[in-house]
Structures are given as structure tokens and as C-alpha cells.
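# Chains, contacts and geometry: an overview
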Amino acid sequence: MWVEGISSSGWRSHVYAMGHLATSSPTNPIRPALTMPIGENATNSLRSRGRPRRNTMSVRAASDTLRKGIAEFYDESSGIWEDIWGDHMHHGFYDPASDVSISDHRAAQIRMIDQSLAFASLPDESKQKPKSIVDVGCGIGGSSRYLARKFGAKCQGITLSPVQAQRAQQLADAQGLNGQVSFEVADALNQPFPDAQFDLVWSMESGEHMPEKKKFVNELVRVAAPGGTIIIVTWCHRDLSPSEESLRPEEKDLLDRICRAFYLPEWCSTADYVSLLRSISMEDVKSADWSDHVAPFWPAVIKSALTWKGITSLLTSGWKTIWGALVMPLMIQGYNKGLIKFAIITCRKPNRP
Amino acid sequence: MRLLTHNMLSSNIKGVTSGFPLRIEVEKMVEKEVELNADFLRNMFAKVEWKALVEASKTLGYTELPDNVEPSMLDSDEFLNRFHHALLELHLEEGALVCPETGRKFPVNKGIPNMLLHEDEV
């Protein structure tokens, strides 16, 4: 209760962007999703119909604010995360049946990468393995360096945070990955690459920050080479049942509180991603709910925050980091209620003649 | 920013039809020695836009790359060394990447390009 008290009082004026989303299905043709003005509570805009389209300028301004918020959040928090958890800024992958010790968490984060590659049936043999990779929302480059080393490939990482990009490059250079791995400050919604560059398009826990899921997915597809693989690992909300237009009010409420602290725009479901990818003719679209495989993660993060090192680090970081830390129990709540899902979605771009 | 990276970046400002390659404005450039990996170079050769690499290396003061190339040149150690040097050892630390169509400058600070587009460019 005290956590929710702190996170909900006094921050209502905090601006955050809303999601843009379109979907199609056999019964519903693609329709542009609706945009909401800044500051209103979000419904799942995928299913909302019948409201007037707002001025796109207000949407862009909102996107800019979100982008700035994300950059500042990570500029501020990356160092403390790296200090305590290392260079992978994503969930570990755990066997639901076994007990987990604290020391296993870093290994679990590596397992998350390997399991994701396996799920996408990524080829390992020399001729077919990816030669060029893009890490979309790369953090401090943990995945980039791991994938580049694993495949002997070239990897570009993009992030909104200049601090992260610097640190990522520093680590790459220090680890002798000179030339193989490089990082830029760039927007996943407008990737600074020509079309069809990458054999592997990797988005590990960055999708939840993207305000326009359709644009996000379109960019992932645009930069993928023909025959290339796209892997998205991200936080989604539960799929809606056919009779549901949107999440229940108390569910939206919980997500809103998380969104404000973590600089997240509106959430979508795993089914939404699958639908988007299929609607642009991606092949072999697969998805899975890995929520059971990440259950130990948030409790472990909270535990690490409550150590002496954790508390002192938080107190010397900024309020954005502290607020993010305070909201962590809400993530556990979300998972426990079956509202938040840890999802993987993969597909292949068709080989065009 | 190495020229391998420059070879991958383009200006995707709304309305721009040929945003590649970006021109380079140099404020500070350094050379950093890096171990040569012939396999990596051979893999990259097919993916590199050669003309863009030659132009970019000239901007950074390196003029030893041949204007025209073919795969058989990868057997020559001398060629590999020059290719390696241009691709991986020349660094733009401070300066800008310039959109060839609009002239818009994307800053490069501490070796990291900032390719974020403004509101009116998307």
C-alpha cells in the first residue's frame, strides 16, 4: 500500500504518451487506431472504435516527451543497474520447477538469449548463421556483444540514451569487439538504416517502450533482410477474449501506474503482435507466454534493491530511478493476476526473388 | 564512429529518397589500432558499399583505398591491410554526419552518432 501511495500521489500531472495501434483480422479490416490526448487514461486503443482522430501534432509532442523521458530514465539508472546486475538489462529465464539461487541470475539472463534464439529456430551452421544483427533498444549492449561473439557477426545497437550508447561502446572496445559492435543514439520507430540490412533483428525487452506498435513492427520488418529472422521479447498484457473491447478498469489502473514509473506507453497483447506481423505477410509467426519462466526475476531484483548496496545506490541516483524501484512490486502483482505476460514473438521475413 | 558503422547509416528524413551515404564533417578524428581478422573482413566485403567507404576514408584523410575492387583482391595481404585500416581503424570522435539531400547534420559526440529525427522530419 505504501508503495502505491507514493507512486500515485503527486505524479498525476506527469505526461506520458499514448499508444497508436492498428490491427486486422479476418472480420476486422485494418483501421488506424485512435490516439488519445496527453494525460487521459488509456484504454486498449487497438479495440476502441468510433472516437474522432486527434491532431497528430499532439501525438508527436507526446512521443517526443516519452522519448525524452525514456532517455533520461536510462541515462540516470543504467549505471546502478550495471553495478548490481551486470550488462544484461532483461529478465532471466528459469525452470519453473527448480529453486533459484541469487548467483544463478546472470546465467539466467544468458539463458534468456539462448532460449529466444532456439525458439526462433535460428540456424547455427556457418553458412546460415546471421552475419549482421541489429539490437533494437540495446541498453548497454549486453545482447549485442553476446550475439556478435556467438555468431562472429557484425552488430549495431540503437538506444535513446546517450549514456547507454557510450557505455555500450566502452564495454565493446574493452572486450576486444572493436569494429564488430557499434552503437548509435537512434529511435526504434525511425531506424537510421537503409532497408533490408540485417539477418537478425533483435528486440529484447524494448517493445514495451514503443508508443506506436504498428510503426515499431514495420521498422523491424523494413530493416530485416529477406529470409532474415525477427525476435521480439517483450512485456504484454493478457490477450482479450473475443467479447472484450478492452481490459477491465482495475487492470488498466494497475498498468497505468507501472507505465508512469517506467516510461511506458500503452500496452498491447501478444495476439496484437502476432496479428500485426501476419498482416504484413511475415512467415512462420510464433509466440509463447514465458511468464512462468521469469517468475523469480522481480522478487530477485527487489531483494537486490533492499541490500545495503542497493539502498545506498538508489539514494544517490535520481528520483526517476527511485520511483521505478518503488513500482517493482506492481510488476509482481501484474504477473500474479495474469494481467502481465512475458512474451516472445518470432517470425521470418519472406525471401523475395 | 568507425567507417564500418558509417557504411550502415542513412538519413531517413521524411521525403528524402537517397539518404545514403551521409557526408562526413570532421572536427576530431583519431586512429586506433585494432587486430586484423581476415575472416571478418571477407564476410564484410560483400556487404560494404565500396564507393561510400572510399569517399568516407578520403574525408578522414586516408587515400590508399582503390576506387574499384573485386573479390580476388581479398587474397592480397596488402589490400586486406588497407581495407582493415579504412573500415575499422579510422574513428570520427567529434563531428557530424550530413544528409546528402537536406544538409541536416546528425551530430557525432565521443564517437557516438545521434540519429534521432526531429518532430517535423518523420
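Counting starts from 1 at the beginning of each chain's written sequence and moves along it residue by residue. Written order decides the labels, with chains lettered from A and ligands numbered from 1. Reporting of local features is limited, given that this is a predicted model, to residues whose pLDDT is at least 70; pairs of side-chain atoms are given and counted only at 80 or more, and all residues count toward the totals for whole chains, interfaces and linings. To obtain the side-chain values, all non-hydrogen atoms of the structure were used and water was disregarded.

As recorded in an unreviewed UniProt entry, chain B goes by Multifunctional methyltransferase subunit TRM112 A-like and comes from Salvia divinorum. UniProt positions are given in the numbering used here, feature names are shortened, and annotations may be inferred rather than shown by experiment. UniProt annotates chain B under Sequence similarities (unreviewed entry) with the comment "Belongs to the TRM112 family."

Chain A has the name Gamma-tocopherol methyltransferase, chloroplastic in an unreviewed UniProt entry, where Salvia divinorum is given as its organism. Recorded in UniProt under Sequence similarities (unreviewed entry), the annotation for chain A is "Belongs to the class I-like SAM-binding methyltransferase superfamily. gTMT family." The annotation that UniProt attaches to chain A under Subunit (unreviewed entry) is "Homodimer."

### Thoughts on the UniProt feature "domain: Methyltransferase type" (unreviewed entry) in chain A
In the numbering used here, UniProt assigns the feature "domain: Methyltransferase type" (unreviewed entry) to residues 134-232 of chain A. Along residues 134-232 of chain A, the helical share is 34% and the strand share 30%, with 12 Å between the first and last C-alpha atoms. Only DSSP runs of H or I with at least four residues qualify as helices, and only runs of E with at least two residues qualify as strands; both kinds are numbered from the N terminus onward.

### Here's the deal with the confidence of the model for chain B
Confidence in the prediction for chain B averages 94 pLDDT; 100% of positions are at 70 or higher. Two summary scores accompany this predicted model of the complex, namely pTM at 0.84 and ipTM at 0.91. One confidence number per residue, pLDDT, is output by the predictor and ranges from 0 to 100.

### Digging into the pairing of strand E3 (residues 105-109) of chain B
All names here are of chain B. Exposure is judged per residue with a 1.4 Å probe applied to protein chains only, and the accessible area is read against the type maximum: over 50% gives exposed, under 20% gives buried, and values in between give partly exposed. By the alternation rule, side chains of E3 split into Phe106 and Val108, which are all buried, and Lys105, Pro107 and Asn109, of which none is buried. DSSP bridges decide pairing: two strands pair if at least two such bridges lie between them. As paired elements, strand E2 (residues 90-98) and E3 share four bridges and run antiparallel to each other. Along E3, the bridge assignment pairs Val98 with Lys105. From the end of E2 to the start of E3, which pair antiparallel, there are six residues, and Gly103 there has a positive phi angle of about 80 degrees. One ladder, built from two bridges, connects E3 with strand E4 (residues 112-113); its direction is antiparallel. Looking at E4, one finds that Asn109 is bridged to Ile112. The hairpin turn running from E3 into E4, its antiparallel successor, is two residues long, and Lys110 in that turn takes a positive phi close to 50 degrees.

### Structural notes on the sheet that holds E3(B)
All names here are of chain B. A sheet is described by the order of its strands in space; here four strands give the open sequence E1-E2-E3-E4, paired in antiparallel fashion. Pairing within the sheet leaves two strands with one partner each, and these edge strands are strand E1 (23-31) and E4. Along the sheet, helix H4 (residues 77-89) contacts E1 and E2; its crossing angle with E2, the most-contacted strand, is approximately 60 degrees. Residue contacts follow a heavy-atom distance rule, with two residues in contact if any of their heavy atoms lie within 4.5 Å. Throughout, an axis means a line fitted to C-alpha atoms (over the contacting stretch in the case of helices), and angles, computed between N-to-C directions, take values from 0 to 180 degrees.

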